[in-house]
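# Commentary on secondary and tertiary structure
Below are the chains, spelled out letter by letter.
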Amino acid sequence: MPPELEQTLALLSSHRSVLGYLLLSRGDHVSIIRHSGVIFEGEQGKKYASVIGKMVESVQAGLEEVSMSENDGDQIRFMRIRTKRHEIMISPDERYLLAVLHDPAS
């Protein structure tokens, strides 16, 4: 893993509002490469990983559908989803998906 990524993950883990992060592989089957935070332990982490992978795929497919005639090749750069209790931020790249769950009230 590149040192810049290691440094970013350490910085994220130390922030008090961050409940955890998931570093996921991209591809046909999304898998957890690394995680932090109790919320992403065990089966719960696997559920989050699966749902995050599906969300990114779905949004990318929708983006491709609406941008076919205008900007071919447009890609997701960053997603931010806010719920009543949490906020999840997703940053996809070619090889990884980084998802961070945090408590915006902290």
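Residues numbered from 1 in each chain as written. Predicted model: local features only at pLDDT ≥ 70, side-chain atom pairs only at ≥ 80, totals over all residues. Heavy atoms only, no water.

The protein is annotated in an unreviewed UniProt entry as Roadblock/LAMTOR2 domain-containing protein of Suillus plorans. Note on the protein: under the UniProt heading Sequence similarities (unreviewed entry), the record states "Belongs to the GAMAD family." (UniProt positions renumbered as here; feature names shortened; annotations may be inferred.)

Attention shifts here to the packing of aromatic side chains. A full pass over the atoms with the stated rule returns one aromatic pair. Relative to Tyr48, the ring of Phe40 lies with its centre 5.0 Å away and its plane at 90°, an arrangement referred to as edge-to-face. Residue Phe40 is classed as buried on the basis of its relative accessible area of 1%. Here Tyr48 falls in the partly exposed class, since its relative accessible area comes to 22%. (Phe/Tyr/Trp six-rings, centres within 6.5 Å; stacked < 30°, edge-to-face > 60°. Buried < 20%, exposed > 50% of the residue type's maximum accessible area, 1.4 Å probe, protein only.)

Here the focus is helix H1 (residues 3-14). Helix length check: H1 (12 residues) gives 17 Å between terminal C-alpha atoms against 16 Å at 1.5 Å per residue, within 8%. Of the positions making up H1, those classed as buried are Leu5, Leu9 and Leu12. Angularly, the buried residues of H1 cover 60° about the axis, an arc narrow enough to put them on a single face. In H1, the exposed positions that point more than 90 degrees away from the buried face belong to Pro3, Glu4, Gln7, Leu11 and Ser14. Looking at the buried positions of H1, the neighbouring elements they touch are strand S1 (18-25), strand S2 (32-36) and strand S5 (96-102). (Helix = DSSP H or I, 4+ residues; strand = E, 2+ residues; numbered from the N terminus. Expected span 1.5 Å × (residues − 1). Arc of directions from axis to C-beta. Contact = heavy atoms within 4.5 Å.)

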